[in-house]
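# Structure at a glance
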Amino acid sequence: MEKERLQEFAARVSQANRSELVVVIYDAAIASIEEGKSCLEKDDITAARKEIDRAKGMVDELLHSLDLKYQISHYLRQLYIYAYRELCQGIALRDADRLDHASDVLKGLLPSFREMAKQDESGPVMENTQQIYAGLTYGRDSLDETIAVGVNFNRGFEA
């Protein structure tokens, strides 16, 4: 995955609440699977393995963050295990269809988590983070994108 895309996900994480974090993980995992599949089709096995390993890590995070006292968590657990297994088999057997299976599971669940994130009004998980403001300015013959990052030397988690 390109550095720019990774920075985009990092910026989203820094501004996200708990529900939005799950959506970011889903988006990043799907992007990694797609990138890994693309690399696999180009016979770049090293890059494909790196991307699929990244996606496996994200699915593993989703799996381990489940609260199993709720019934739905048991169903999600089975889906995550299936997706993880398909990622492992897909890279081991160099089978893009298995990667598609894992991606399809995550893409099927993503709209529900997006809807849930819209309803979550809690604040960001990370406190004291930089605020990122983006916009467009335009002149007579140009259109410029500007990003203003707030200067705060005490950013990140407070101890």
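This is a predicted model, so every value here is computed, not measured.

Cut-offs applied
Residues numbered from 1 in each chain as written. Predicted model: local features only at pLDDT ≥ 70, side-chain atom pairs only at ≥ 80, totals over all residues. Heavy atoms only, no water. Helix = DSSP H or I, 4+ residues; strand = E, 2+ residues; numbered from the N terminus. Contact = heavy atoms within 4.5 Å. Salt bridge = Lys/Arg side-chain N within 4 Å of Asp/Glu carboxyl O. Buried < 20%, exposed > 50% of the residue type's maximum accessible area, 1.4 Å probe, protein only.

### Observations concerning the environment of R94
Following the sequence through the fold, R94 ends up in the loop between α4 (71-93) and α5 (96-119). Along the primary structure R94 and A48 are separated by 46 residues, whereas in three dimensions their C-alpha atoms are 9.3 Å apart. The contacts of R94, once residues within four sequence positions are left out, are L40, I45 and Q89.

### Quick look at the pattern of salt bridges
Inspection of the entire model under this criterion finds 10 salt bridges. With a shortest N-O distance of 3.7 Å, R98 and D95 are connected by a salt bridge. Accessibility expressed as a relative area gives 25% for R98, which makes it partly exposed. The shortest N-O distance in the salt bridge between E115 and K118 comes to 3.9 Å. Of this pair, E115 and K118 both sit in helix α5, separated by three residues, roughly a single helical turn. Judged by its relative accessible area of 39%, E115 is partly exposed. In this structure, a network of salt bridges that share partners links the residues R12, D27 and R114.

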